[in-house]
Amino acid sequence: LVMRYGDEWKKRLRCTIALTDGSPARLAALNASLRMYRPNYLHMWQLKTFWYELKFFIDDLIFQTFETMETRPPVPYEELDSSYKVLVDEIRKHKEQFVQARANNAVEELNKFWLRKTRKCVLSVLMVQRPDEETPRFFRGMNLEVSMPTGSLCSERNVIGTALASDPSLRRQDLRSIAVLSMTLDKPSQNGDETPRLPPSPERQRFVRRPRSQSSTCSVHSGTNPNKFAGELNPIQPCGACLEWLKKIAEVNPTFKVMTFPNSDCLEAFVHEVS
């Protein structure tokens, strides 16, 4: 690490200590230590054949992606670092502006043209801060789906372009983190339900998490109707094209973070490195 990254090696070194015993605990510790590299796993579930007969069968292996093995829960807003709290505050403001426009029937052009393909709106906020700046700056973005042949412009790439258009002297090191939130153009009904009119775009990837216990989700849904989030794609992960952009940023800024949310209430957040 020192030979390759020089003084930056400390940002790339991870050490995790598991204070419990058993295979699940060891796997969780390994997963936490390697999280910034987001490795995939090969699970050999028929060990007896291998150990006692020295035979290896391809059917004994199960391929698991990092996403399916990831067990890190979302972090409540109150427990986030102060630098992430301000980012959550900004994405909430962005969301409230969108919700207000939707309530006032002011998103007709989005319905008819800009998002007519999927009716799925993805909001983003990019946090930027130079070393000589005391406070960060924030830029807002949104996805656009004008034409299928030309492809969609994802929210992440849109907001990066907006930031550079506002300040062409920005360096990749100045881009600190990005928050991404999925919304829908359909208004909630009186009982809190939302019915999407079209399936989600195949270009976006939904992050699938394993179900958590009821106690771990009560802070999110307590006092609210979970159906109010129907039609959303949260937590939504960058598509392949956006991921390439973010990887280029992470090459010179390994502390760059991507923030996603279990739902549009934004009471909890996932904060992770770029894979």
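What this report covers is the structure whose coordinates are included nearby. None of the values given here were measured: they were computed from a predicted structure.

### Quick word on the overall build of the protein chain
Alright, step 1. In terms of helices and strands, the protein chain carries 10 helices and 12 strands.
Alright, step 2. Sorting the 275 residues of the protein chain into buried and exposed places 40% on the buried side.
Alright, step 3. Restricting to contacts in the protein chain with at least 6 residues of sequence separation, those with at least 24 account for 71%.
Alright, step 4. Just so you have it, the protein chain exposes about 15,800 Å², and 57% of that area is on carbon and sulfur atoms.

### Notes on the side chain of Asn158
Alright, step 1. Position of Asn158 relative to the elements: it lies in helix H8 (residues 155–166).
Alright, step 2. On the basis of relative accessible area, Asn158 is assigned to the buried category, the value being 19%.
Alright, step 3. Apart from the residues lying within four places of it in its own chain, the contact partners of Asn158 are Met142, Leu144 and Leu153.

### What to know about the pairing of strand E11 (residues 257–260)
Within a regular beta strand, the side chains point alternately toward one face of the sheet and then the other, so they alternate between its two faces.
Alright, step 1. Along E11, one buried face is formed by Lys257 and Met259 and the opposite face, lined by Val258 and Thr260, is buried too.
Alright, step 2. For strand E8 (residues 175–184) and E11, the ladder comprises three bridges, and the chain directions are parallel. Bridge pairing in E11 places Ala179 opposite Met259.
Alright, step 3. Across four bridges, the pairing between E11 and strand E12 (residues 268–273) is antiparallel. Its bridge partner being in E12, Thr260 is matched across the sheet by Phe270.

### Examining the sheet that holds E11
Alright, step 1. Sheet architecture is open: six strands sit in the order E3-E12-E11-E8-E4-E5, paired in mixed fashion. For this open sheet the edge positions go to strand E3 (75–76) and strand E5 (137–142), each flanked by a neighbour on one side alone.
Alright, step 2. Across nine bridges, the pairing between strand E4 (residues 120–128) and E8 is antiparallel. Bridging from a neighbouring strand, Leu126 pairs with Ile178 of E8.
Alright, step 3. Taken strand by strand, H8 contacts E4, E5 and E8, and its axis lies near 135° from that of E5.

### Re the pairing of E4
Alright, step 1. With nine of nine residues buried, E4 lies mostly within the body of the structure.
Alright, step 2. Along E4, one buried face is formed by Lys120, Val122, Ser124, Leu126 and Val128 and the opposite face, lined by Cys121, Leu123, Val125 and Met127, is buried too.

### What to know about the pattern of salt bridges
Alright, step 1. Applying the stated criterion across every chain, the model contains nine salt bridges.
Alright, step 2. Where Asp174 meets Arg171, a salt bridge forms, and the shortest distance between an N and an O atom there is 3.2 Å.
Alright, step 3. Looking at Arg171, the relative accessible area reads 40%, which means it is partly exposed.
Alright, step 4. A salt bridge links Lys248 to Glu251, with the nearest nitrogen and oxygen atoms 3.8 Å apart. Separated by three residues within a single helix, Lys248 and Glu251 lie in helix H10 (residues 240–252), roughly one turn from each other.
Alright, step 5. Given the relative accessible area of 43%, Lys248 is considered partly exposed.

### Observations regarding H10
Alright, step 1. All of the buried residues along H10 are Cys242, Leu246, Ile249 and Ala250. One face of H10 carries all of its buried residues, which in axial projection span an arc of 100°.
Alright, step 2. Lining the buried residues of H10 we find helix H2 (9–12), H8, E8 and E11.

### Details of the side chain of Glu145
Alright, step 1. Mapping Glu145 onto the fold places it in strand E6 (residues 144–147).
Alright, step 2. Separated by 3.4 Å, the side chains of Glu145 and Asn143 make a polar contact.

### Section: the environment of Met127
Alright, step 1. Take Met127: it is sitting in strand E4.
Alright, step 2. When its relative accessible area of 5% is taken as the criterion, Met127 is described as buried.
Alright, step 3. For the pair Met127 and Arg140, spaced 13 residues apart in sequence, the C-alpha separation works out to 9.2 Å.
Alright, step 4. Other than its neighbours up to four places away in sequence, Met127 contacts Ser83, Val86, Leu87, Pro136, Arg137, Phe138, Asp174, Leu175, Arg176 and Ser177.

### Observations concerning the nonpolar core
Alright, step 1. Grouped together as the largest cluster of nonpolar side chains are 23 residues, with contacts concentrated most on Ile91, Met259 and Phe261.
Alright, step 2. With near-sequence residues (within four places) excluded, Phe261 lies in contact with Val88, Ile91, Ala179, Val180, Leu181, Asn234, Pro235, Cys266, Glu268, Ala269 and Phe270.
Alright, step 3. Counting residues in each nonpolar core, the second largest holds 19 residues, with Leu126, Phe139, Ile249 and Ala250 among its members.

### So, the packing of aromatic side chains
Alright, step 1. Considering all chains together, one arrives at zero aromatic pairs under this definition.
Alright, step 2. Sitting over the ring of Tyr77, Arg92 keeps its end group 4.5 Å from the ring centre.

Procedures and definitions
- Residues numbered from 1 in each chain as written.
- Predicted model: local features only at pLDDT ≥ 70, side-chain atom pairs only at ≥ 80, totals over all residues.
- Heavy atoms only, no water.
- Helix = DSSP H or I, 4+ residues; strand = E, 2+ residues; numbered from the N terminus.
- Buried < 20%, exposed > 50% of the residue type's maximum accessible area, 1.4 Å probe, protein only.
- Contact = heavy atoms within 4.5 Å.
- Areas by Shrake-Rupley, 256 points an atom, 1.4 Å probe, with all protein chains shown as cover.
- Pairing = 2+ DSSP bridges.
- Axes fitted to C-alpha atoms, helices over the stretch in contact; angles between N-to-C directions.
- Salt bridge = Lys/Arg side-chain N within 4 Å of Asp/Glu carboxyl O.
- Arc of directions from axis to C-beta.
- Polar contact = N/O pair within 3.5 Å; in protein donor to acceptor, adjacent residues only side chain to side chain.
- Core = buried A, V, L, I, M, F, W, Y, C linked by side-chain atoms within 4.5 Å.
- Phe/Tyr/Trp six-rings, centres within 6.5 Å; stacked < 30°, edge-to-face > 60°.
- Lys NZ or Arg CZ within 6 Å of the ring centre and 35° of its normal.

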